[in-house]
Amino acid sequence: MSAILLTGKEVADAMFKQLTPLVKKLDPKLVIVQVGDDPASASYIKQKLKSCEAVGMRHEHMHLDATVTKEELLSVIEKLNGEPDVTGFIVQLPLPKHLQEFVPQIIRAIEPKKDVDGFTAYNIGKTLLSKEFEHLPPATPSGIIAMLEFYKLGKVEGKHVVIVNHSNVVGKPLAVMLLNRNATVTVCHAHTKDLAAQTKQADILISAVGKAKLITADMVKKGAIVIDVGISRSGDKLTGDVDFDAVKEIASAISPVPGGVGPLTVASLIRNTVRAKQRQIE
Ligand code: GUN
């Protein structure tokens, strides 16, 4: 293998080391709201709770029944908004089918100061303004930026970054955060006509689709940095978007799945909770 392996754990451990004394000093509390029993969500939440414990952060897991109504969920959010001891909270997505059409309304109900997922229009809007205004940016893009910075792979400034994903949670805010750092950014998605023609241009290729082997070796420029944020599950096995074995021979650096960006998303969530507390006591 010629590529450097970008393991998120190393970066996450460095972030946790920085965060632990701040957690001790500020004593923030994170609440995770789960609705129903989506198995992927259960596994992400487990990781989040485990990391809270590792840094000594107070945390609560509110597990609501899958049949909860929109009104009941909104009332839980209202309570959390008004509870002074709760620094920040997240509503784990995806929600059960009957609530999915209300996700924008549910996110809108979250008090931006407690929105440690960075999903509300206020926090997304601030992220759009400039690097200095990225107070509570979304966790996955933040984790990807942390990974690029940690491994000293060279500045993203002037690099051509191709992102395959245009969701509100990953692709769009990531594009903005990379623009804040003066990268040239192309965002691809399901309607992109010739995906390979775009990905082949990338100095840094970031894929977050959830389709195994979407990114094959012939779609990657020699020496590119490849970050895999996709997750597909078959049984207990997790697979990324990138044909890892073939692409590692072409890329200069590559992140694996699992053990790549995942731990950094969690570390970024904890960092946002610390930042929220800092702002609340200012
Ligand atoms: N589902 C998958 N990733 C995330 C995340 O970062 N936050 C929330 N709330 N739900 C998710």
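Residues numbered from 1 in each chain as written. Predicted model: local features only at pLDDT ≥ 70, side-chain atom pairs only at ≥ 80, totals over all residues. Heavy atoms only, no water.

Peer 1: Help me understand the site of the ligand, please; the structure alone is not making it clear to me.
Peer 2: In the neighbourhood of the ligand, the contacting residues comprise Lys48, Val91, Gln92, Leu93, Asp117 and Phe119. With respect to the ligand, the backbone of Leu93 contributes an N or O atom lying 2.8 Å from a nitrogen atom. Partitioning the shell around the ligand into residue classes produces 3 nonpolar, 1 polar and 2 charged. (Near = heavy atom within 4 Å. Polar contact = N/O pair within 3.5 Å; in protein donor to acceptor, adjacent residues only side chain to side chain. Nonpolar A, V, L, I, M, F, W, Y, C, P; charged D, E, K, R; others polar.)

Peer 1: Can you walk me through the sheet that holds strand 6 (residues 184–188) in this structure?
Peer 2: Pairing between sheet strands relies on hydrogen bonds along the backbone, with the strands arranged either parallel or antiparallel. A sheet is described by the order of its strands in space; here 6 strands give the open sequence 1-11-8-7-5-6, paired in parallel fashion. Of all the strands in the sheet, just strand 1 (4–5) and strand 6 have a single pairing partner and so form its edges. Relative to strand 6, strand 5 (residues 160–164) runs parallel, the two sharing 5 bridges. Across the sheet, residue Val164 finds its bridge partner in strand 6, namely Cys188. Against the sheet, helix 7 (residues 139–150) contacts strand 7 (204–207) and strand 8 (225–228), and its axis sits at roughly 145 degrees relative to strand 8. Across the sheet, helix 8 (residues 171–179) lies against strand 5, strand 6 and strand 7, angled at about 170 degrees from strand 5, the strand it touches most. (Pairing = 2+ DSSP bridges. Helix = DSSP H or I, 4+ residues; strand = E, 2+ residues; numbered from the N terminus. Contact = heavy atoms within 4.5 Å. Axes fitted to C-alpha atoms, helices over the stretch in contact; angles between N-to-C directions.)

Peer 1: When you look at the packing of helix 7 against helix 11 (residues 262–281) in this model, what are you seeing that I'm missing?
Peer 2: Two packed helices can be described by the angle between their axes and the distance between those axes. For the pair helix 7 and helix 11, the least separation of the axes is 8 Å and the interaxial angle reads 110 degrees. Compared by their axis directions, helix 7 and helix 11 come out roughly perpendicular. Residues Ala139, Thr140, Ser142, Gly143 and Met147 of helix 7 touch helix 11, and the partners they reach there are Leu264, Thr265, Ser268, Leu269 and Arg271. For the contact of helix 7 with helix 11, the residue count by class is 4 nonpolar, 5 polar and 1 charged. (Parallel < 35°, antiparallel > 145°, perpendicular 65-115°, else oblique.)

Peer 1: Any chance you could explain the sheet that holds strand 2 (residues 29–35) here in plain terms?
Peer 2: Reading across from one edge, 3-2-4 is the order of the 3 strands in this open sheet, with parallel pairing throughout. The outermost strands of the open sheet, each flanked by one partner alone, are strand 3 (58–64) and strand 4 (88–91). Direction aside, neighbouring strands of the sheet carry axes that sit 15 degrees apart on average. In this structure, strand 2 lies alongside strand 3, joined through 7 bridges in parallel fashion. The residue bridging Val31 from the neighbouring strand is Glu60, located in strand 3. Of the strands in this sheet, strand 2, strand 3 and strand 4 are in contact with helix 2 (residues 39–55), which crosses strand 2 at around 165 degrees.

Peer 1: Hey, could you run me through the environment of Asn123 in this one?
Peer 2: With respect to the element layout, Asn123 can be found in helix 6 (residues 121–129). With 11 residues separating them along the chain, Asn123 and Pro112 place their C-alpha atoms 6.6 Å apart. Ignoring sequence-local partners within four residues, the contact set of Asn123 consists of Pro112, Asp115, Gly118 and Leu136. At 3.0 Å, the side chain of Asn123 and the backbone oxygen of Pro112 are in polar contact.

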